[in-house]
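Residue-level structure breakdown
The lines below spell out each chain.
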Amino acid sequence: MSEEKFDAIVIGAGPAGSAASYVLAKAGLNVVLLERGEYPGAKNVMGGVFYRSALDKLIPEFWKEAPLERHIIEQRLWILDNDSAFKVGYGSEKFSKEPYNCFTVLRAKFDQWFAKKAEDAGAFLIAETLAEDLIFDGNKVIGVKTGREDGDLYADVVIIADGVNSTIAKKAKFREDLKTKNVALAVKEIISLPKEKIEDRFNLQGNEGVTIEIVGKSTDGMIGTGFLYTNKDSISIGVGALLSDFAKNNKSPNDLIEAFKSHPAVKPLLAGGETKEYMAHLIPEGGYDVIPKLYGDGWLIAGDAGMLVNSVHREGSNLAITSGRLAAETVLKAKEKADFTSNSLSLYRQLLEQSFILKDLKKYRKIPELFEKNSHFFKLYPEFINEASLEFFTIDGTSKQEKLKKIIKLFREKISISRALKDAWQFFYAFMLSR
Ligand code: FAD
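Here is a short report on the structure shown in this document. Note that the structure is a prediction, hence the values are computed from the model and not measured. (Residues numbered from 1 in each chain as written. Predicted model: local features only at pLDDT ≥ 70, side-chain atom pairs only at ≥ 80, totals over all residues. Heavy atoms only, no water.)

1. Remarks on the site of the ligand
- Residues in contact with the ligand amount to 35 residues; listed here are only the nearest, Glu35, Gly47, Arg107, Asp304 and Ser317.
- Contacts to the ligand include Ala16, whose backbone N or O atom sits 3.0 Å from an oxygen atom.
- Within the backbone of Arg314, one N or O atom sits 3.3 Å away from a nitrogen atom of the ligand.
- Surface burial for the ligand is 96%, taken as the share of its 990 Å² of free accessible area covered by protein chains.
- Of all elements in the fold, only α1 (15-26), β3 (49-51), β15 (274-284) and α9 (317-337) reach the threshold of two or more residues within the shell around the ligand.
- In terms of residues, the shell around the ligand owes the most to one element, β15, which gives three residues. (Near = heavy atom within 4 Å. Polar contact = N/O pair within 3.5 Å; in protein donor to acceptor, adjacent residues only side chain to side chain. Areas by Shrake-Rupley, 256 points an atom, 1.4 Å probe, with all protein chains shown as cover. Helix = DSSP H or I, 4+ residues; strand = E, 2+ residues; numbered from the N terminus.)

Following this line, the structure appears as structure tokens:
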């Protein structure tokens, strides 16, 4: 490997790392992008909803060339009980037209394409190469030790974008070990189905797609969600819950996804399909209060490595791309001043504060605690909504007044008025008032 000094080394060719490398290389910097996988995306997992706006800023109209699955025209929410589902959703003609709102993607294809864009812009991608540790001169990061023979690389600055586990940031003590209450464990399958079947079953045409977010029985009452997204000729289905909840309830992720796939609302949508891939991955869900320091002398952290995920809105890839871009823009400014000290790189935090990333995460900083203290949101309310719906929609000669009384009684027994008032206030405070 070359002994030359680079302007920047980026660790990890996920959305954050490829975005950072693309911006740096495009500006003419000498940048190396390290990826441990056989190719970018080889091991990467995401449910698969990819939002347009973050990448559109870097590569305008990327959807005309990127390997995307379907553009999403409708987003649905299902609340499951044992054998029933309460369903709502929103679809719009506006989502059927360019520039589109969001797409489904398969990361193995998408990440390769994005990293290739960074390469085409001039970045030097080295795949199958594990970044093992940072190289320091005192407190200052001056390079990366890789798993290759003679594999020490040197640079003015290192962008750490190695994902949720970030062994690099942990080894350097830039970040603490993950706490089980701050990460979700998700399992996902890609199930192949003919294109026509998908279009028939989900009422779609051409490249249109839908997303379904599913709470309640999908996680067996644990804090988390299930999802089902349409791809071109496959379905992405998965379920995730807080790692602490899996431990507390002694549940296995595999049992959970098997039960989820067999639910009467889900099973017919998958009928005749064949599982092509099975994967598991962590998602940072601790929110604003667990974000570590994101810069220092000669280093920056972007994407999941910095815990930058908005799980309430299922947004991660767009935060990764935006933080990667902002990290790169900070490096470009530092390069102009030839100053890569912590003081100079603190601009990154300012840019993040001005962007939707820290504004949104700050706004929702109370949500992780709200859910942790009120796990019944994921059990009692889904059960009540389904049982009340069964009563309401069953026409059996009972008068409407009687039905209403039964539903109120059910509500009192299951949730209670005082608890509901307390929940409503806490919910309102966490979502609307907190900032
Ligand atoms: P990653 O995508 O994890 O990329 C990190 C890269 O670094 C990988 O390529 C990895 O191989 C490489 N790497 C790691 N360590 C090293 C090392 N030491 N040396 C070299 N390379 C290394 N987000 C959404 O926007 N929409 C969704 O629908 C969505 N659904 C999700 C569903 C699931 C099940 C999961 C797990 C996540 C989901 N997310 C979603 C979140 C999203 O996937 C992440 O926020 C996003 O991928 C973060 O990008 P990243 O580049 O920071 O990290």
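Following the structure, the description resumes.
2. Overview of a nonpolar patch on the surface
- A surface patch of nonpolar side chains, amounting to about 520 Å² of accessible area, comprises Trp425, Phe428, Tyr429, Met432 and Leu433.
- Inspection of the secondary structure puts Tyr429 in helix α16 (residues 417-433). (Patch = residues over 30% accessible without salt bridge, like charges linked within 9 Å, V, L, I, M, F, W, Y side chains within 5 Å. Salt bridge = Lys/Arg side-chain N within 4 Å of Asp/Glu carboxyl O.)

3. Topic: helix α12 (residues 356-363)
- Those residues of α12 that sit buried are Ile357, Leu358 and Leu361. The arc that holds every buried residue of α12, seen down its axis, measures 80°, which confines them to one face.
- Buried residues in α12 make contact with α9 and α11 (347-354). (Buried < 20%, exposed > 50% of the residue type's maximum accessible area, 1.4 Å probe, protein only. Arc of directions from axis to C-beta. Contact = heavy atoms within 4.5 Å.)

4. Side note on the side chain of Arg175
- Mapped onto the fold, Arg175 is located in the loop between α4 (167-171) and β11 (183-192).
- Engagement of the side chain of Arg175 in a polar contact is seen with the backbone oxygen of Ala305, the distance being 2.8 Å.
- When neighbours within four sequence positions are excluded, Arg175 is seen to be in contact with Gly163, Val164, Asn165, Ser166, Ala169, Lys170, Pro292, Asp304, Ala305 and Met307.

5. Re the nonpolar core
- Core analysis: the largest hydrophobic core is formed by 80 residues, its most contacted members being Leu55, Phe62 and Leu134.
- It is α9 that contributes the most residues to this core, eight residues altogether.
- If we ignore the near neighbours within four places in the chain, the residues touching Leu55 are Phe50, Phe62, Phe110, Trp113, Phe114 and Ile321.
- Counting residues in each nonpolar core, the second largest holds 30 residues, with Trp78, Val164, Val187 and Leu256 among its members. (Core = buried A, V, L, I, M, F, W, Y, C linked by side-chain atoms within 4.5 Å.)

6. Regarding the packing of aromatic side chains
- Considering all chains together, one arrives at 23 aromatic pairs under this definition.
- Taking 5.9 Å as the distance between ring centres and 80° as the angle between the ring planes, the aromatic pair formed by Phe50 and Phe62 counts as edge-to-face. Pair noted here: Phe50 is in strand β3 and Phe62 is in the loop between α2 (52-56) and β4 (71-80), with a separation of 12 residues, a long-range link.
- Judged by its relative accessible area of 1%, Phe50 is buried.
- Taking relative accessible area as the criterion, Phe62 reaches 0% and is therefore assigned buried.
- Judged by centre distance (6.2 Å) and plane angle (25°), the ring pair of Trp113 and Phe114 falls under stacked. This pair shows no difference in class: Trp113 is buried, exactly as Phe114 is. (Phe/Tyr/Trp six-rings, centres within 6.5 Å; stacked < 30°, edge-to-face > 60°.)

7. Considering the pattern of salt bridges
- Within the structure shown, the criterion is met by 34 salt bridges.
- Between Lys276 and Glu274 there is a salt bridge, with the nearest N and O atoms lying 3.9 Å from each other.
- A relative accessible area of 53% places Lys276 in the exposed class.
- When salt bridges that share partners are traced, they join Lys379, Glu383, Glu387 and Lys414 into one network.

8. Let's talk about the packing of α9 against α12
- Axis separation between α9 and α12 bottoms out at 10 Å; the angle between their running directions is 135°. Classified by the angle between their axes, α9 and α12 sit oblique to one another. Of the residues in α12, those touching α9 at Asn318, Leu319, Thr322 and Ser323 are Phe356, Ile357 and Leu361.
- Tallied by class, residues from the contact of α9 with α12 come to four nonpolar, three polar and no charged. (Axes fitted to C-alpha atoms, helices over the stretch in contact; angles between N-to-C directions. Parallel < 35°, antiparallel > 145°, perpendicular 65-115°, else oblique. Nonpolar A, V, L, I, M, F, W, Y, C, P; charged D, E, K, R; others polar.)

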